[in-house]
Amino acid sequence: MKSEDIAAKPVVGQHVVAPRQNQHQPDKAAGLDIAIVVPTYNESQNVRKVISVLSAVLTPLRFEIIFVDDNSPDRTADIVRDLASEYPQVRCLQRVGRRGLSSAAIEGMLATTAPVVALIDGDLQHDETALPKMLDILYSEGVDMVVGSRYAEGGGFGDWSQNRRRLSELATRLSKRMTGVELTDPMSGFFLIRSNCLRERVGDLTGVGYKILLDILSAPGGKIALREVPYEFREREAGESKLDNKVILEFIELLLARTIGRWIPTKFIMFAMVGALGIVVHMVVLTLLFRSGFVSFAAGQAIATVVAMTTNFFVNNVFTYFDRQLRGWQLLPGWATFCAASAVGAVANLGIAVYLFETMDTVWFLSALGGVIVGSAWNYAVTALYTWKTG
Ligand SMILES: Nc1nc2c(ncn2[C@@H]2O[C@H](COP(=O)(O)OP(=O)(O)OP(=O)(O)O)[C@@H](O)[C@H]2O)c(=O)[nH]1
Ligand SMILES: [Mg+2]
């Protein structure tokens, strides 16, 4: 690459943080200029074209293309390996027994010795023709990262439906506000980064979910000097989207991890949110049964407790533990251990609250709060270990 050419080029996008000094030259010692990481899950129909378009735009450079495939049932990994005989720059990292776009991206980016690594989707939605320009900007501006942005002037979302567009805008606003990341498109999955910058912060990444860029930029360890370049998001070439409810829950988990999760485990926060819902369920059921005169207070309280525990179990199963959801027959022992743990938790709650109130002379609401916190922590710890077996 000729730096005199790139220095003359206009910078596209937004200047977020001051660039590093003395970072204007590619690493001469490295054998490669750039590695392109392509996470794939069931992209067998797209990989040939991905390789061919990437090779066409990158050819003057020394590059490798690393596919990180999570053992796709459509045998994407086998097809990638076959294509490597035509394209020697192709590598295949096949992960077995694991899923996840962010973690695949991280492992792919760590697998190369190239000084710069780019991330691009395997369904041809990202504009690969922007890559040489992005690499030019990285060196000419001396920044650590160049991000493709759909929100920057000149970028766009192609044929996205109104609903998907609105959801993306909401998630973008939420993530900017919660993490303080200053970027027009923190949800972008298309960027390039200096490998050493990634390696410096890899220990602080959560690796959760789809939003690897947000994960990197919200990690502790100082701001990253970056530029944004606009690009137009394209239609998926072939195959199916992997976006589902799980992606939304993983996004919530990442945002929690980067905010309140610095002090309290994210799963505990989600568990406590469900616990608060359980109190509402309990009170509604008790009101309906007791106030309407159907049953005695004791019977109403007992029924409300069982209903609230059962609701909490099912909501925790799809919300807090969406990533290790119990299904089919597993639900029965899951429900039983959850109820048993909650019963002991209730006794602990009562014991602590009464002890604080009567023996320690604590104000009534602090005594009650103490009981609730100890009971919830117990419920969380025991159900994590026995119901959802996270130990
Ligand atoms: N290795 C790996 N790759 C994944 C996983 N989930 C998605 N991908 C890949 O990540 C890229 C982005 O996923 P998509 O499902 O296309 O997500 P999207 O582009 O945000 O959504 P669409 O616009 O609906 O396509 C694609 O190349 C997928 O094959 C996963 O669990 N593991
Ligand atoms: Mg896609």
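Because the structure is predicted, anything quoted here is derived from the model rather than measured. (Residues numbered from 1 in each chain as written. Chains lettered and ligands numbered in written order. Predicted model: local features only at pLDDT ≥ 70, side-chain atom pairs only at ≥ 80, totals over all residues. Heavy atoms only, no water.)

**Here's the deal with the site of ligand 1**
Within the structure, ligand 1 sits among 21 residues, and Glu43, Asp70, Arg99, Asp123 and Ser241 are positioned closest to it. Contact between ligand 1 and Gly100: an oxygen atom at 2.9 Å from a main-chain N or O atom of the residue. In the model, an oxygen atom of ligand 1 is placed 2.7 Å from a nitrogen or oxygen of the Gly122 main chain. The fraction of the free accessible surface of ligand 1 (630 Å²) that becomes covered by protein chains is 95%. Looking at the shell around ligand 1, the elements that each hand over two or more residues are strand E1 (34-40) and helix H4 (101-110). (Near = heavy atom within 4 Å. Polar contact = N/O pair within 3.5 Å; in protein donor to acceptor, adjacent residues only side chain to side chain. Areas by Shrake-Rupley, 256 points an atom, 1.4 Å probe, with all protein chains shown as cover. Helix = DSSP H or I, 4+ residues; strand = E, 2+ residues; numbered from the N terminus.)

**Notes on the environment of Asn46**
Relative to the elements of secondary structure, Asn46 occurs in the loop between E1 and helix H2 (47-58). Residue classification places Asn46 among the buried positions, given a relative accessible area of 1%. Taking the C-alpha atoms as reference points, Asn46 and Thr76, separated by 30 residues in sequence, lie 9.1 Å from one another. Ignoring sequence-local partners within four residues, the contact set of Asn46 consists of Gly122, Asp123, Leu124, Arg236, Glu237 and Ala238. (Buried < 20%, exposed > 50% of the residue type's maximum accessible area, 1.4 Å probe, protein only. Contact = heavy atoms within 4.5 Å.)

**Description of the confidence of the model for the protein chain**
Here the protein chain averages 86 in pLDDT, and 92% of its residues register 70 or above. With pLDDT under 50 throughout, residues 1-18 is counted as low confidence; its partners more than four residues away or in other chains account for 36 contacts. (pLDDT = per-residue confidence, 0-100.)

**Section: helix H9 (residues 245-258)**
Since the α-helix turns once every 3.6 residues, residues separated by three or four places project in the same direction. A rise of 1.5 Å per residue sets the reference length of H9, with its 14 residues, at 20 Å; its end C-alpha atoms lie 20 Å apart and thus fit the reference within 8%. Within H9, ten of the 14 residues are buried, which leaves the element mostly enclosed by the surrounding structure. Residues Val247, Leu249, Glu250, Phe251, Glu253, Leu254, Leu255, Leu256, Ala257 and Arg258 constitute the buried set of H9. Tucked inside the fold, the buried residues of H9 contact helix H6 (162-179), helix H8 (212-217), helix H10 (266-291) and helix H11 (297-318). (Expected span 1.5 Å × (residues − 1).)

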